[in-house]
Each structure stands twice: as C-alpha cells, then as structure tokens.
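Architecture at a glance
Residues per chain, in single letters:
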Amino acid sequence: MLFSDVSVSLKLGDILQVEGPNGCGKTTLLRIITTALSPSAGQLLWQGQNISQVRQDYLHNLLFLGHLPGLKQALSPEENLIWWRRLNQSQVEYCNSEALARIGLSGYEDVPCSNLSAGQQRRAALARLLVTEAPLWVLDEPFTAIDKQGVSELESLLTEHSERGGMIILSTHQDLGIPGIKRLSLRQESLGQTALAQSSPFTVDVA
Amino acid sequence: MELGFSAILRRDLLLAFRHRAEIANPVIFFLIVVTLIPLGLTPESSRLAEIAPGILWVMALLASLLSVEGMFQSDYRDGTLEQMIILPQPLYLMVLAKILVHWLVTGLPLTLLAPLLGMMLSLPEAGYIPLILSLLMGTAVLSLVGAIGAALTVALRKGGLLLSLIVMPLYMPALIFGASTVQRAVDGFPVDGSLAVLGALLAFSLLVSPFATAGALRVSMHG
C-alpha cells in the first residue's frame, strides 16, 4: 500500500501542487490520474462520472508530461512537436517555431534532441503546453533541469492557463509563486505507506 | 482513428531512416551468416543445394528475432509508450503500425536479399519464387508474433533470453511451412498447399497479434 485517504477535487482554473518526500507516491498518484495505472481502491471522476465510462472523452481533455516526456532523441525539437501534435490531433493555430521560440529554444529547432542539454530537452517537451487544447494538464516534475528564468516563464504559462479556465495538477518540490494554488501533501507514515491528512478513500474529482 | 496509425507509421519510418546503421544489423547478420555456410560446410554445390532451403529460412528467422527485441524498447525508455497508451486512439492500430514498420525495415529486405543468397548456396531454379513468396508472408508472421513477445518483455532489463523462449515455439509453424514450401518446390512437388497454410498463419496472426500486443503493452506498463 502506497497511499490511502487521498481526496482531491478540482474546479476550472484550479492549480494543484502535489508535494511530499521522495518515494511517497507522487508519480504513482499522477499516473493513476492519467489512467496509465489503475488504483487498487478508490475512484477517479471526470465531470462527476466514473472514468471507466468517459475514458475517451477524458483522454481527449488530458495532457500528461511524465518524468520521461517521450522525446525522440533522433528527432529535432520541432519534429518532436510536429509528431506529438499529429498524434494528439492538436488543432491549435499556434506555429511550432513560435512555440519553440517562446519556450526558449529558438535557434535549436533543427538540432537533434540527443545533442541538447537536459534543460533544453525538458523545454522541448514543455513546448507542447503551448500547442494543446487540453484543459487538464498533469505535469510530473516539470521544473526538473530548468533554469531560474525558465521556472518563472513556466510559472507565468501555468498562471495563464489557469486564468483561461484550465486545470493543472503538478508535482514539484519547488515553492511556486502562483497565488491561489492548492496543495496536496503526501506524507510518509511508515516505510512504504503514505497517508494524507484528509478523509475518505482515494477520489479525484475533476469538474 | 486512421490518424494514429499513419502518424506512427510515418514517424517510425523517419526514425528508422535516422537509425539506418542499427536497422541494417539483421540484414547484415543474414548476409554474413549465409556467406559463412559454404566456407564452413562445403563448397560443393550439390550438397549446398540440399540444405539451402532450410539454411535460408532458419537464418532469416534468427535475423528477424535479433531485431524484434528493440520494437518497443526505445519507446519504453523515452516515455513515448506511456504517452501512446493514454492517447484517445485505439492502441492496437498504433501497434499495428509499429509492426508494419518492423516488417518493412527487416522482413522485406531479408526477403529481397534471400534470392541472392540462394544463388550463393546454389539453390535450384525451381526454389526461387517459392522462397520469395514464403519469406514475404513468413517474415510478416515473424514480425507479428515477435511483437507479442517484445511487448511482454519490454519492461524487463534483460528480457532478450526470455523473449526468445516465448517467441521461438510460436515461430515454429512459420518455419516448418516456410522451409518446406521451398523444399517441396525444389523436389518438384506443388507448393500451393503449404503457401496457403502460410497465408492462413499470416491472416490469423494479423487478426490476433495487434490486440495481444496492445494488451501485453498495457500489462508491461502497469507493472
């Protein structure tokens, strides 16, 4: 058992920061929220309905960036973005090179990702945030390897999304300078068991 | 629906082109091993002709097995697989696209190379067309069946041996009917029957494999 008694509910415009010590199950929780893992108990609700009934609709509205963001090393950031958009059927009229420029990768559009630094690769993955229509973002440690300026740029990107009515669930150890952010603290009770200071079994309710 | 299939197909072909040195490995393996046979066994053409159908088929099978392990591995390691599983598109179609790419970059080149190597092993003239036809269908069966094993073992650190153990028994029907097609043609018997069996194997694995592979990938990701 990794965690129990976790309950969260998100409304439009909410940002939820999942925090806790290493190994307490942040990534597991996020993977459950993306349906990549199924919880051993508890439920995940999307607009009040159980996820198994509305999975397709839910996945259409979801953007997930994991620890490993799924960048192809042999492709350039621009190619990676193009293929990601094709697979996700993103119709946003935001130019790929513009998105890469805003994320701080101008001049590196055509360099294979294997030649980029860790931070630049993270930025290449984060460029997806600019070309997606999905209202719900689930970001696992999005600030890893990003420099200070990048962090504040990303913060403003997250704020913009929340102001547009989007929802964000992210895990990070960073203290974010975003006002009105919700926090979910997982804490380690005993070895391999995490509990939360809130009641009721695992429920995530996303409006 | 079609979108996921064609996007994966084109992306993976582009990736295969970028990694062309790695992709050429099975074909080079096939070429080298078959070249070594006359050197190690005998240069006498009558004896070579006897074993040519079996040798060509066994080596093509091993070459295909060699490359099947990598079918989902890079996608697993860089997180692409996780992204694919939560795409609002049917996973089995994307899997089918990946299998098709695997066949296009290994099975098809092996098939095209086989007649040339058949000549080196002095395969009798009657064997060439059956060799090409049987390999064309047979390598597709190998890619389809291999995908299931590759998906089951993708999350294991050293899954290579286990993969061979899982996949080898499933390769047997294709090997038996493929090699016997060529052998029968060389011996002057009609080959329609064994080609039809290979066709049936292909149809069956085409139906079952994408679903089984998609299911196996989900199981691997949950572990």
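Residues numbered from 1 in each chain as written. Chains lettered and ligands numbered in written order. Predicted model: local features only at pLDDT ≥ 70, side-chain atom pairs only at ≥ 80, totals over all residues.

Observations concerning the overall build of chain B
- A tally of regular secondary structure across chain B gives ten helices and zero strands.
- Seen in sequence order, chain B has helices and strands lined up from the N terminus as α-α-α-α-α-α-α-α-α-α.
- Over its C-alpha atoms chain B spans a radius of gyration of 18 Å, differing by no more than 12% from the 17 Å that the globule rule assigns to 223 residues.
- Here the C-alpha coordinates of chain B stretch approximately 55 × 35 × 30 Å along the principal axes.
- When each of the 223 residues of chain B is scored for burial, the buried share is 46%.
- Considering only contacts within chain B whose residues lie at least 6 apart along the sequence, 82% involve residues at least 24 apart. (Helix = DSSP H or I, 4+ residues; strand = E, 2+ residues; numbered from the N terminus. Rg over C-alpha atoms; globule rule 2.2 N^0.38 Å. Buried ≥ 20, exposed ≤ 12 C-beta atoms within 10 Å, placed from the backbone. Contact = placed C-beta atoms within 7 Å.)

Considering unusual backbone geometry
Residues and elements named next belong to chain A.
- Phi angles above zero are rare outside glycine, and Gln-47 is one such case at about 55°.
- Classification of Gln-47 by C-beta neighbours within 10 Å gives exposed; the count is 11.
- Of note, Glu-141 is a non-glycine position whose phi angle comes to about 50°, a positive value.
- Residue placement: Glu-141 occurs in the loop between strand S7 (136-140) and helix H6 (148-163).
- With 19 C-beta atoms packed within 10 Å, Glu-141 lands in the partly exposed category.

What about the environment of Glu153(A)?
- Mapped onto the secondary structure, Glu153(A) falls in helix H6.
- Sequence separation of Glu153(A) and Gly23(A) is 130 residues, and the distance between their C-alpha atoms is 28 Å.

So, the packing of helix H7 (residues 91-120) of chain B against helix H8 (residues 128-152) of chain B
Residues and elements named next belong to chain B.
- Orientation of H7 relative to H8, taken along the N-to-C sense of each, is 150°, at an axis distance of 8 Å. Of the possible angle classes, the one that applies to H7 and H8 is roughly antiparallel. Between H7 and H8 the crossing geometry is right-handed. Across the interface between the two elements, Val-95, Ile-99, His-102, Trp-103, Gly-107, Leu-110, Thr-111, Ala-114, Pro-115 and Gly-118 of H7 pack against Tyr-128, Leu-131, Ile-132, Leu-135, Leu-136, Thr-139, Ala-140, Leu-142, Ser-143, Leu-144 and Ala-147 of H8. (Axes fitted to C-alpha atoms, helices over the stretch in contact; angles between N-to-C directions. Parallel < 35°, antiparallel > 145°, perpendicular 65-115°, else oblique. Left-handed = near helix turned anticlockwise from the far one by under 90°.)

Focus on helix H4 (residues 45-68) of chain B
- With 24 residues, H4(B) should reach 34 Å at 1.5 Å per residue; the first-to-last C-alpha distance of 33 Å fits that figure.
- Along H4(B), the sharpest change in direction is near 50° and occurs at Ile51(B); proline Pro53(B) comes one to four residues later. (Expected span 1.5 Å × (residues − 1). Bend = angle between axes of the 7 residues up to and from the residue.)

Digging into the confidence of the model for chain A
All names here are of chain A.
- In the predicted model, chain A carries a mean pLDDT of 83, and 89% of its residues have values of at least 70.
- Within chain A, the element-level pLDDT minimum falls on strand S11 (residues 193-195), averaging 45, and the maximum on S7, averaging 92.
- Scored below 50 in pLDDT, residues 190-201 makes 29 contacts in the model with residues more than four places away or belonging to other chains. (pLDDT = per-residue confidence, 0-100.)

So, the confidence of the model for chain B
Residues and elements named next belong to chain B.
- In the predicted model, chain B carries a mean pLDDT of 92, and 99% of its residues have values of at least 70.
- Helix H2 (residues 20-23) is the least confidently modelled element of chain B, averaging 86 in pLDDT, while H8 averages 96, the highest of any element.
- The ipTM for the predicted assembly is 0.84, set against a pTM of 0.90.

Comments concerning the environment of Ile33(A)
- Mapped onto the elements of the fold, Ile33(A) is located in helix H1 (residues 26-33).
- Residues Ile33(A) and Ala101(A), spaced 68 residues apart in sequence, show a C-alpha to C-alpha distance of 31 Å.

Topic: the interface of chain A and chain B
- Listed per partner, the contact involves 22 residues of chain A and 18 residues of chain B.
- Elements with a contribution of two residues or more to the side of chain A that touches chain B: helix H2 (55-60), strand S6 (62-65) and helix H3 (77-88) of chain A.
- Among the elements that make up the side of chain A that touches chain B, the one with the highest residue count is H3(A) (four residues).
- Per-class residue counts for the side of chain A that touches chain B are eleven nonpolar, nine polar and two charged. (Nonpolar A, V, L, I, M, F, W, Y, C, P; charged D, E, K, R; others polar.)

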